[in-house]
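Coordinate inspection notes
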Amino acid sequence: MVEAERDERGDDLRLVQDVQLDPSGQRLAYVVASPGLEHGEPTARSQIWIAPDEGEPYAATQGEWADVQPRWSPDGATLAFRSDRAKRGEMQLYLLRPGWREPELPHQFPAGVCDFAWSPDGATIAVVATDARPERAEGSDHVLYEDEPRYDRLWLLDASSGDARLLTEEPLNIWEFAWAPDGRALAAIASARPQRWSWYGARLVRIDTADGRITTLHTPESQLARPAWSPDGRGVAVVASTWSDPGMTGGDLLLVPVDGGQARNLTPGAARSYLSLHWQPDSQSLLASALERGQAAICEVGVHGGSETLWRGEHAFASHAISVDREGRRVAAALSGLTEPPEAWAGELDGGISWRQVSGHNAVLAGQFTAEVEEVSWAASDGRESRGLLLRPQGRAGERLPLVTMIHGGPTAASGYSYPAGGVAGWIPGLLERGAAIFLPNPRGSTGWGLEYAEANHRDMGGGDLDDILAGIDSLAQRGQADPERLGVCGWSYGGYLTAWAITQTTRFRAAIAGACISNWFSFHGTSDIPAFDEVFYRADPYALDGPYAARSPVFFADRVGTPTLFLHGERDTCCNVGQPMEMFRALRDRGVETQCVIYPREGHPVRERAHRQDMLERGLAWFTRHLGL
């Protein structure tokens with residue numbers, strides 16, 4: 001295994017991601033990325049690495065740019081990937097062939113490439129590329145808000161000549177897609193508009209490669225992800241659920257017949273959330289990565305019913321995905337644990353899955369911090385059972401410790417066994433060192449316990465889910481595992497919303513940190529790039545004063561707050577506009593509550609620049625240390 005090398009900027013962690021087996025299952029390609037950006041960088045620096053069947057992994061690409069999404073050709077001879085090496089922030093498709101020292105740019109797309117996939121015969125690459133920016137008169141730089149749509153369209157690229165043909169000319173935005181096994185069509189999740197809010201109404205379509213003819217296969221009541229066309233050509237499998245953000249997965253597995261008919265749920269009532277789908281060669285079953293009871297899992301699901309967990313462990317998948325060879329006998333993934341940094345792993349199906357670690361990019365971090373991890377469960381006031389994780393410093397299991405509750409985002413996400421690489425989770429090692437315990441609850445609305453649990457907070461955001469969290473804290477205090485007089489709470493995105501909402505509903509917290517929060521559902525709906533999210537989850541008029549938009553907005557209950565609260569937010573956050581923390585901050589300050597609002601320039605929904613991440617780390621730890629007496 002390759003040994004970890006210390007970054008010249010002093011940051012040891014490497015994000016190992018997107019592990020891809022070649023079709024034969026002999027080699028792996030994967031991405032090794034920096035966890036942070038330099039000042040003003042548009043993308044994180046990353047390289048493609050290859051791990052041969054024998055020998056040490058080696059860097060297949062090098063440079064001070066982003067190389068991502070490695071994908072093998074069907075014959076395993078060529079590696080395609082996306083890179084912004086020509087223009088930072090604009091991804092193009094590159095091909096790396098055997099014996100080449102530098103990759104080839106087969107075609108220049110005007111505004112870059114979002115996604116791609118090889119055709120089954122390897123002659124063509126389907127490419128999703130964004131429309132070019134509209135032309136402006138010299139000196140004009142105005143923006144027409146939502147009135148100059150730029151679609152992500154499908155193109156067909158000849159892998160040999162580099163010639164490209166536009167396939168989807170009509171207004172149709174492509175979010176995800178998969179090739180038919182005969183190469184004559186693609187299945188795509190598509191919407192009528194290109195804005196992120198349009199994804200909530202996306203449908204599954206068939207697109208013929210000869211003439212671009214579009215046929216709707218399935219119009220769901222919820223959202224779809226991860227299409228996978230069966231080898232026999234008869235059906236397309238998709239993951240389905242009601243999700244809070246584009247790009248999320250975690251739900252039931254549907255099989256949509258290509259020749260017409262109703263979609264069939266292959267996993268009704270399953271107590272797990274399926275993440276990515278991979279057909280076995282006989283078309284009789286699929287291998288799927290999943291989140292099962294908070295743990296990473298790989299399952300086999302039959303098309304005629306029945307499923308089996310082949311492996312489950314206290315780990316997390318990077319990007320929820322696995323890779324499978326053409327025979328369906330070998331798998332690969334980037335796996336991490338709460339105290340184990342991410343690495344590339346390969347596994348053999350032998351009744352279960354036998355894993356071996358392939359990379360060692362983070363060997364220097366192994367064992368740098370430890371924690372006692374306990375799975376906990378409790379009942380909310382309505383009797384519904386919830387689960388989560390409790391982390392304590394080593395050797396402190398019998399003590400009543402200060403407790404910091406970290407609420408995950410989404411809400412259709414989960415707190416599990418991911419390595420705490422940044423964001424709110426980045427505070428975990430420092431808080432443990434200072435003697436605090438960490439509570440990672442998975443209230444109703446979380447993935448990993450089946451569709452019914454994941455959708456149990458619909459029409460009730462800030463209701464039952466907050467009750468679950470508060471009941472979990474009470475349970476830990478009653479067991480003598482938490483000091484009820486020294487409680488802190490924090491979260492990011494929807495976790496930031498629940499943090500801001502929690503301090504209006506209880507005075508038990510001595511400190512709170514709300515990151516990328518929502519404080520006013522009315523202004524969120526008017527300024528977010530996903531206003532369909534709140535409409536889907538609340539199922540209410542976003543302009544009515546007597547509905548949940550007012551009743552569940554923290555800013556209207558600021559007079560109840562006494563908790564010292566720190567707000568952290570990205571200046572360019574298009575999901576939760578920067579006005580959200582400003583509103584709540586001003587309301588608290590006007591009422592004499594200790595508060596601080598930190599806005600990070602150039603940042604979007606996640607904070608990515610290295611200096612900003614360091615400031616978040618130090619500022620958050622200092623806030624909890626001071627207010628909880630750590």
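In this convention, every chain numbers its residues from 1, walking through the sequence in written order. Owing to the predicted nature of the model, reporting of local features is limited to residues with pLDDT of at least 70; listing and counting of side-chain atom pairs is limited to 80 or more, with chain, interface and lining totals taken over all residues. Side-chain numbers come from the whole structure's heavy atoms, not from hydrogens or water.

Description of the overall build of the chain
Each helix and strand counted, the chain has 9 helices and 36 strands in total. Computation of the radius of gyration draws on C-alpha atoms alone. For the globule rule, the value is 2.2 Å times the number of residues to the power 0.38. Relative to the 2.2 N^0.38 estimate, which gives 25 Å for 630 residues, the radius of gyration of the chain is 24 Å and therefore close to what a compact globule would have. With the principal axes as the frame, the chain shows a C-alpha extent of 65 × 55 × 55 Å. By the burial criterion, 60% of the 630 residues in the chain qualify as buried. Note on definitions: a residue-residue contact is assigned when non-hydrogen atoms from the two residues lie within 4.5 Å. When contacts within the chain are restricted to residue pairs at least 6 apart in sequence, those whose partners lie at least 24 apart make up 55%. The protein chains shown are the only cover counted for residues, whose accessible areas, like all others here, come from Shrake-Rupley with a 1.4 Å probe. Summed over all atoms, the accessible surface of the chain reaches about 24700 Å², with 46% contributed by carbon and sulfur. Of the charged side chains in the chain, 58 are positive and 85 negative, and the gap between their average positions amounts to 3 Å. Every helix listed is a DSSP run of H or I at least four residues long, and every strand listed is a run of E at least two residues long, numbered separately from the N terminus. To sort residues, take the accessible area from a 1.4 Å probe on protein chains only and compare it with the maximum for the residue type: under 20% means buried, over 50% means exposed, and anything in between is partly exposed. Counted as positive: Lys and Arg. Counted as negative: Asp and Glu, with His and the chain ends omitted from the count. By convention, the point assigned to a charge is CZ for Arg, NZ for Lys, CD for Glu and CG for Asp.

As for the pattern of salt bridges
Side chains bearing opposite charge may pair, as long as their charged atoms lie close to each other. By definition here, a salt bridge exists when the distance from a side-chain nitrogen of Lys or Arg to a carboxyl oxygen of Asp or Glu is within 4 Å. As enumerated under the stated definition, the model contains 31 salt bridges in all. The shortest N-O distance in the salt bridge between D131 and R153 comes to 2.7 Å. Separated by 22 residues along the polypeptide, D131 in the loop between β9 (124–130) and β10 (152–158) and R153 in strand β10 bring together distant segments of the chain. Looking at R153, the relative accessible area reads 13%, which means it is buried.

Quick notes on the sheet that holds strand β13 (residues 185–191)
Note: two strands are recorded as paired if DSSP finds a minimum of 2 bridges between them. If you walk across this open sheet you meet the 4 strands as β12-β13-β14-β15, and the pairing is antiparallel. Bordering the open sheet on either side are β12 (173–179) and β15 (214–218), each of which pairs with just one other strand. The sheet shows a mean angle of 35° between the axes of neighbouring strands, direction not considered. Where β12 meets β13, 6 bridges bridge the pair, whose relative direction is antiparallel. Note on β13: the bridge partner recorded for W179 is L186. Axes here mean lines fitted to C-alpha atoms, for a helix over just the part in contact, with angles spanning 0 to 180 degrees between N-to-C directions.

Here we look at helix α3 (residues 464–478)
The length a helix should cover is 1.5 Å for every residue beyond the first. Counted at 1.5 Å a residue, the expected span for α3 with its 15 residues is 21 Å, and the 21 Å between its end C-alpha atoms agrees. Buried residues dominate α3, accounting for 12 of its 15 residues. Within the span of α3, buried status applies to G464, D465, L466, D468, I469, L470, A471, G472, I473, S475, L476 and A477. Just downstream of α3, G480 is the residue with a positive phi angle, here 80°.

A closer look at the packing of α3 against helix α4 (residues 494–505)
Where α3 contacts α4, the two axes come as close as 11 Å, and the packing angle between them is 75°. As far as their axial angle goes, α4 and α3 are roughly perpendicular. In contact with D465, L466 and I469 of α3, α4 contributes Y494, L498, W501, A502 and Q505. Any angle from 65 to 115 degrees is called roughly perpendicular, while one under 35 is roughly parallel, one over 145 is roughly antiparallel, and all others are oblique.

Concerning the sheet that holds strand β20 (residues 273–279)
In sheet architecture, strand pairing relies on hydrogen bonds along the backbone and comes in two forms, parallel and antiparallel. Across the sheet, which stays open at both edges, the 4 strands sit in the order β20-β21-β22-β23 with antiparallel pairing between neighbours. Lying at the two open borders of the sheet, with one neighbouring strand each, are β20 and β23 (307–313). Averaged over all neighbouring strand pairs, the angle between strand axes comes to 25°, with direction disregarded. As defined by bridge partners, strand β22 (residues 295–302) adjoins β23 across 6 bridges and the pair is classed as antiparallel. Looking across to β23, one finds that A297 is bridged to R312.

Re the environment of P411
By the secondary structure assignment, P411 is in the loop between β31 (401–407) and α1 (428–433). Between the alpha carbons of P411 and V256 there is a distance of 27 Å; along the sequence they are 155 residues apart. Here P411 is in contact with S244, G445, S446, N457, M461, Y494, F533 and F537, once residues within four sequence places are set aside.

Section: the confidence of the model for the chain
With 98% of its residues at a pLDDT of at least 70, the chain reaches an overall mean of 94. A residue's pLDDT is simply how confident the predictor is in it, with values from 0 to 100. Note on residues 1–10: pLDDT is under 50 here. Beyond four places in sequence and across chains, it has 24 contacts.

Observations regarding the packing of aromatic side chains
Pairing of aromatic rings covers Phe, Tyr and Trp, the last counted by its six-membered ring, and requires centre-to-centre distances within 6.5 Å; plane angles under 30 degrees mean stacked, over 60 mean edge-to-face, and any other angle means tilted. Throughout the structure, instances matching the rule amount to 21 aromatic pairs. Ring geometry for F524 versus F533: centroids 6.2 Å apart, planes at 85°, classification edge-to-face. The burial state of F524 is the same as that of F533; both residues are buried. An aromatic cluster is built from Y494, Y497, W521, F522, F524, F533, F537, Y538, Y549 and F556, whose rings are joined through pairwise contacts. The cationic tip of R85 hangs over the ring face of Y94; the distance from NZ or CZ to the ring centre is 5.5 Å. Over the face of the ring belonging to W623 we find R626, whose NZ or CZ atom lies 5.5 Å from the ring centre. Over a ring means this: the NZ of a Lys or the CZ of an Arg is within 6 Å of the ring centre and within 35 degrees of the ring normal.

Some thoughts on the environment of G261
Its place among the elements puts G261 in the loop between β18 (252–257) and β19 (264–265). The exposure class assigned to G261 is exposed, which follows from its relative accessible area of 56%.

Here's the deal with the environment of R88
Structurally, R88 is set in the loop between β6 (79–83) and β7 (92–96). The sequence separation of R88 and E64 amounts to 24 residues, and the corresponding C-alpha distance is 9.7 Å. For R88, the residues in contact, after removing those within four places along its chain, are E41, P42, T43, E64, W65 and A66. Here the side chain of R88 touches E64 through a polar contact of 3.1 Å, landing on its backbone oxygen. We define a polar contact as two N or O atoms separated by no more than 3.5 Å, with the added condition that, inside protein, one atom must be a possible hydrogen donor and the other a possible acceptor, whereas residues neighbouring each other in sequence contribute only through side-chain atom pairs. Polar side-chain contacts of R88 include one of 3.0 Å to the side chain of D84.

A look at unusual backbone geometry
A negative phi holds for most residues other than glycine; trans holds for most peptide bonds. At the junction of G410 and P411, the peptide bond is cis and its omega measures out at 15° in the coordinates. Phi at S283 is positive, roughly 65°, even though this residue is not glycine. Tracing the backbone through its elements, the reader meets S283 in the loop between β20 and β21 (285–292). Unlike most non-glycine residues, R459 shows phi in positive territory, near 65°. Among the secondary structure elements, R459 is positioned in the loop between α2 (451–454) and α3. According to the relative accessible area criterion, R459 is exposed, its value standing at 56%.

A closer look at the state of the cysteines
Two cysteine sulfur atoms make up a disulfide if the distance between them is within 2.5 Å. Enumeration over the complete set of coordinates arrives at 0 disulfides. Here C575 stays unpaired: no disulfide links it, and the sulfur of C576, its closest cysteine neighbor, is 4.1 Å away. For C575, a relative accessible area of 5% translates into the label buried. Among the cysteines around C597, which has no disulfide bond, C517 carries the closest sulfur, lying 7.9 Å off.

Remarks on α4
Along its 12 residues, α4 runs 16 Å from first to last C-alpha, staying within 8% of the 16 Å computed at 1.5 Å per residue. Burial runs high along α4: 11 of the 12 residues are buried.

Section: the pairing of β21
β21 sits mainly inside the fold: 8 of its 8 residues count as buried. Neither face of β21 is open: one carries S285, L287, S289 and L291, the other L286, A288, A290 and E292, and all of them are buried. Of the strand pairs in this sheet, β20 and β21 are connected by 6 bridges, and their pairing is antiparallel. Considered in β21, the bridge of W279 is made with L286. Here β20 folds back onto β21 in antiparallel fashion, the turn holding 5 residues, of which S283 has a positive phi close to 65°. Across 8 bridges, β21 lies against β22 in antiparallel orientation. From the neighbouring strand, L287 faces β22, where its bridge partner is E300.

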